[in-house]
Amino acid sequence: TGLFMDLPQVRLQQFQLQANLGENLLDLDLTTAGDVTLSLKGQIRYAQWEQLLQREGTLDLVFQGKPSAELLTKLGDVSFLLQGMQGPDGTLSGKIKGNLSFPQLEKL
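Residues numbered from 1 in each chain as written. Predicted model: local features only at pLDDT ≥ 70, side-chain atom pairs only at ≥ 80, totals over all residues. Heavy atoms only, no water.

K.L.:
Explain the side chain of Gln86 to me, and be specific about the residues and the numbers.
P.N.:
Looking at the element boundaries, Gln86 is found in the loop between α3 (79–83) and β5 (92–99). One polar contact links the side chain of Gln86 to the main-chain carbonyl oxygen of Gly90, over a distance of 3.0 Å. Leaving out residues up to four positions away in the same chain, Gln86 has contacts with Pro67, Leu72, Thr91, Leu92 and Lys107. (Helix = DSSP H or I, 4+ residues; strand = E, 2+ residues; numbered from the N terminus. Polar contact = N/O pair within 3.5 Å; in protein donor to acceptor, adjacent residues only side chain to side chain. Contact = heavy atoms within 4.5 Å.)

Encoded structure:
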């Protein structure tokens, strides 16, 4: 995988993706349920379709989710990365913005 660890298997009971591709815009709406309950909504803008394939578009996404306690246990020492993004109720929320090839993550 190129990562310093093997990622655990993630079980999903539900996965729903709605994507609308416009001339210069890709609208996304993703929801999952299972080991990760997630909502991801937003847009990817690009000048031409080829730019999107070359990771040259810009992101404007908002996410909110909650990993299961079991998944956090499976992640071991790496779970602290997620815990740093969690609010008091255990929910992760943030924005992913910027260039598609080097996005910026900010906590909400």
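K.L.:
Describe a nonpolar patch on the surface, listing the residues and the values that go with them.
P.N.:
Where nonpolar side chains cluster on the molecular surface, the patch consists of Val10, Leu12, Phe15 and Leu17 and spans about 380 Å² of accessible area. Inspection of the secondary structure assignment puts Leu17 in strand β1 (residues 12–21). (Patch = residues over 30% accessible without salt bridge, like charges linked within 9 Å, V, L, I, M, F, W, Y side chains within 5 Å. Areas by Shrake-Rupley, 256 points an atom, 1.4 Å probe, with all protein chains shown as cover. Salt bridge = Lys/Arg side-chain N within 4 Å of Asp/Glu carboxyl O.)

K.L.:
Give a description of the pairing of β1 that names residues and reports values.
P.N.:
In this structure, β1 lies alongside strand β2 (residues 25–34), joined through nine bridges in antiparallel fashion. Directly across from Gln16, in β2, lies its bridge partner Thr31. (Pairing = 2+ DSSP bridges.)

K.L.:
Help me get a handle on the sheet that holds β5, residues and values and all.
P.N.:
If you walk across this open sheet you meet the six strands as β1-β2-β3-β4-β5-β6, and the pairing is antiparallel. Among the strands making up the open sheet, the edge pair consists of β1 and β6 (104–107). Mean inter-strand twist for the sheet, computed between neighbouring axes without regard to direction, equals 15°. (Axes fitted to C-alpha atoms, helices over the stretch in contact; angles between N-to-C directions.)

K.L.:
Describe the environment of Leu59, and please don't skip the residues or the numbers.
P.N.:
Within the secondary structure layout, Leu59 lies in strand β4 (residues 58–67). Its relative accessible area of 10% is what places Leu59 among the buried residues. Each C-alpha atom of the pair Leu59 and Leu105 lies 11 Å from the other, and the pair is 46 residues apart in sequence. Sequence-distant contacts of Leu59, defined by excluding residues within four places in its chain, comprise Gln43, Ile44, Ile96, Lys97, Gly98, Asn99, Leu100 and Pro103. (Buried < 20%, exposed > 50% of the residue type's maximum accessible area, 1.4 Å probe, protein only.)

K.L.:
Could you give an account of the pattern of salt bridges, with specific residues and numbers?
P.N.:
Under the definition given, this model contains four salt bridges. Ionic pairing is found between Asp60 and Lys97, a salt bridge with its closest N-O pair at 3.8 Å. Residue Asp60 is found in strand β4, and its partner Lys97 is found in strand β5; the two are separated by 37 residues along the sequence. Judged by relative accessible area, Lys97 falls into the partly exposed class, the value being 32%. The partner of Glu70 in a salt bridge is Lys74, with the nearest N and O atoms 3.6 Å apart. Here Glu70 pairs with Lys74, and both are found in helix α2 (residues 69–75), just four residues apart, close to one helical turn. Given a relative accessible area of 42%, Glu70 falls into the partly exposed group. Judged by relative accessible area, which is 36%, Lys74 ranks as partly exposed. Bridged by salt links that share partners, the residues Arg11, Asp35, Glu70 and Lys74 form one connected network.

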